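# Remarks on the overall topology
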Amino acid sequence: MELKIRNGKVEDLEESFILERRTFLECEAASKENIKIRLSEFSDGFIVGEIGGKIVAHINSGSTNKDDITDEEFKGLIGHESGGKNIVIFSVAVDPQYQKQGIASEMMREFIEVSKKIKKKNILLLCKENLIGMYEKMGYENNGISASTHGNAVWYEMVYSL
Ligand SMILES: CC(C)(COP(=O)(O)OP(=O)(O)OC[C@H]1O[C@@H](n2cnc3c(N)ncnc32)[C@H](O)[C@@H]1OP(=O)(O)O)[C@@H](O)C(=O)NCCC(=O)NCCS
């Protein structure tokens, strides 16, 4: 079935939140409020993937000129600068039923195009050790362990230079 990728809109809030809760541990999933803020304040950096009219994947983000992306408040777009040089991915989520079919790869390719269009210089994200290989295959470089201790986990900072 064909994956249709488009920018998110506030009307997607319920579906995107359900997806977030289905894909992440409760302690790591974004709050509904933060998803709403990301959809309403930075829809340029929020893409959703639909199959048969149902949202099965999303990527959302904020933007900043800062290089330190560990600030928890930033997840609610406090400190977001729409013209910032860095675009920071908060969530990459694919519905468990649709995982391992190349959907994250397709969404991440589109996210690179979107980021180029809005003239960002770098895409940054934090991931756990098991996903370093996946992001490296997508062209990201590993900047090493991040200062973030979110959810008491060890996070790695990955960067893609546009
Ligand atoms: C991680 C996630 C986004 C991958 O989505 P997906 O659509 O299954 O990924 P793809 O099918 O495009 O796979 C891309 C590559 O990454 C690999 N990969 C996918 N999930 C992986 C995982 N959990 N661990 C390690 N490698 C993984 C795939 O094997 C594939 O490699 P290949 O090209 O050699 O086959 C999805 O499993 C998910 O939503 N997980 C829960 C949320 C999460 O952890 N998100 C990432 C942190 S923000």
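If you look the protein up in an unreviewed UniProt entry, it shows as GCN5-related N-acetyltransferase from Ilyobacter polytropus.

### Quick word on the site of the ligand
Around the ligand sit 17 residues, and of these Val92, Lys100, Gly102, Ser105 and Lys137 come closest. Contacts to the ligand include Val94, whose backbone N or O atom sits 2.8 Å from an oxygen atom. Gly102 is positioned such that a nitrogen or oxygen atom in its backbone is 2.7 Å from an oxygen atom of the ligand. Put simply, the parts of the chain that give the shell around the ligand at least two residues each are β4 (86–94), α3 (103–117) and α4 (132–137). Here the residues of the shell around the ligand sort into nine nonpolar, six polar and two charged.

### Concerning the pattern of salt bridges
With the rule as written, the count across this model stands at 11 salt bridges. Residue Glu50 pairs with Arg6 through a salt bridge whose shortest N-O separation is 3.0 Å. With Glu50 in strand β2 (residues 47–51) and Arg6 in strand β1 (residues 4–7), the pair connects residues that are 44 residues apart, well separated along the chain.

### Structural notes on the environment of Glu141
Mapped onto the elements of the fold, Glu141 is located in strand β6 (residues 141–145). For the pair Glu141 and Tyr160, spaced 19 residues apart in the sequence, the C-alpha separation amounts to 6.4 Å.

### Regarding the sheet that holds strand β5 (residues 122–127)
A sheet is described by the order of its strands in space; here seven strands give the open sequence β1-β2-β3-β4-β5-β7-β6, paired in mixed fashion. Of all the strands in the sheet, just β1 and β6 have a single pairing partner and so form its edges. Going from strand to strand, the sheet's axes swing by 25° on average, the running direction of each strand aside. Two strands pair when backbone bridges link them, and β2 and strand β3 (residues 54–64) are joined in this way by five bridges, in the antiparallel orientation. The residue of β3 that forms the bridge with Ile47 is Ile59.

### A look at the pairing of β3
Burial within β3 is extensive, with 10 of its 11 residues counted as buried. Adjacent in sequence and paired antiparallel, β2 and β3 are bridged by two residues, among which Gly52 carries a positive phi angle near 55°. In the sheet, β3 pairs with β4 via eight bridges, with the strands oriented antiparallel. Bridge assignment links Thr64 to a residue of β4, and that residue is Asn86.

### Quick look at unusual backbone geometry
A positive phi angle, close to 65°, is found at Lys119, a residue other than glycine. Inspection of the secondary structure assignment puts Lys119 in the loop between α3 and β5. For Lys119, a relative accessible area of 66% translates into the label exposed. A positive phi angle, near 60°, is found at Asn152, a position not held by glycine. Positionally, Asn152 belongs in the loop between β6 and β7 (156–161).

### As for the pairing of β7
Within β7, five of the six residues are buried, which leaves it mostly tucked inside the rest of the structure. Pairing of β5 with β7 involves six bridges; the strand directions are antiparallel. In the strand pairing of β7, Leu125 is matched with Met158. As judged from the three bridges shared by β6 and β7, these two strands associate in the antiparallel manner. What sits directly across from Asn142, in β7, is Met158.

About the criteria used
- Residues numbered from 1 in each chain as written.
- Predicted model: local features only at pLDDT ≥ 70, side-chain atom pairs only at ≥ 80, totals over all residues.
- Heavy atoms only, no water.
- Near = heavy atom within 4 Å.
- Polar contact = N/O pair within 3.5 Å; in protein donor to acceptor, adjacent residues only side chain to side chain.
- Helix = DSSP H or I, 4+ residues; strand = E, 2+ residues; numbered from the N terminus.
- Nonpolar A, V, L, I, M, F, W, Y, C, P; charged D, E, K, R; others polar.
- Salt bridge = Lys/Arg side-chain N within 4 Å of Asp/Glu carboxyl O.
- Pairing = 2+ DSSP bridges.
- Axes fitted to C-alpha atoms, helices over the stretch in contact; angles between N-to-C directions.
- Buried < 20%, exposed > 50% of the residue type's maximum accessible area, 1.4 Å probe, protein only.

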